[in-house]
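Each chain, written out:
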Amino acid sequence: MHQISTRPHFLLTLAGVGILLAACSNSGTGAAATATAAATPTAGESQAASGGEASVNMVGFKFDPATLTVKVGTKVTFKNSDGATHDVAEGQDGKKADGAKFDEEVKAGASTVITFDQAGTVHVTCLIHPTMNMTVTVES
C-alpha cells in the first residue's frame, strides 16, 4: 500500500493563504479612499441605508448588491475584493454618463467613498469591466 504525503499540499495551501493575505493588505487609493465598518448586504439585495453609510462589495467582477436604496447624503463605500483594478463611475455598460459626478479607480484590496447627494436613480458602472453595473436609488 502506498502512502501519499500530504505535506506538499499543505505547503502549497499555506503559501496560497500567505499570498492572499499580502494582496488584501494594500491601502486605498487617492484622497477619497477610506475603510468602512458598514455591513455588506446579501448578494443582489437592495438595502435602505441607516446612519448615512452603506457599502458595496466589488467581488467576482460584480457589484454586490446590484441594487441599493439610500437616503440623500449617504456615503457609500465601494470595496474592491477582486484581484483586479475596478472603476466606480456614474454610467452604464462601461460608458461614463455625460456630466458624470464621479469616476474613481479602485485598486485590488482598496476602497473609495461616494456621497449620493441628490434624489433620483443613479447608474454605476466599471469603465474597465463593462458588464459590472448597478443601480443606486437615492431617496429624499
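Please read these numbers as outputs of a predicted model, since none were measured by experiment.

How each quantity is defined
Residues numbered from 1 in each chain as written. Predicted model: local features only at pLDDT ≥ 70, side-chain atom pairs only at ≥ 80, totals over all residues. Heavy atoms only, no water. Salt bridge = Lys/Arg side-chain N within 4 Å of Asp/Glu carboxyl O. Core = buried A, V, L, I, M, F, W, Y, C linked by side-chain atoms within 4.5 Å. Buried < 20%, exposed > 50% of the residue type's maximum accessible area, 1.4 Å probe, protein only. Helix = DSSP H or I, 4+ residues; strand = E, 2+ residues; numbered from the N terminus. Contact = heavy atoms within 4.5 Å.

### Re the pattern of salt bridges
Here's step 1: For the structure shown, the criterion picks out two salt bridges.
Here's step 2: Across the pair Asp103 and Lys96 runs a salt bridge, and its minimum N-O distance is 3.2 Å.

### What to know about the nonpolar core
Here's step 1: In this structure, Phe63, Phe78, Val88, Phe116 and Val124 are the most contacted members of the largest nonpolar core, which totals 21 residues.
Here's step 2: Among the elements of the structure, strand E1 (53-59), strand E3 (67-71), strand E4 (74-80), strand E8 (111-116), strand E9 (120-125) and strand E10 (133-139) are those that each provide at least two residues to this core.
Here's step 3: Setting aside anything within four residues of it in sequence, one finds Phe116 in contact with Val70, Lys71, Val72, Gly73, Thr74, Val76, Phe78, Phe102, Val122, Val136 and Val138.

### Remarks on the environment of Thr69
Here's step 1: Tracing the backbone through its elements, the reader meets Thr69 in strand E3.
Here's step 2: Assessed through its relative accessible area of 17%, Thr69 is described here as buried.
Here's step 3: Along the primary structure Thr69 and Val136 are separated by 67 residues, whereas in three dimensions their C-alpha atoms are 5.8 Å apart.

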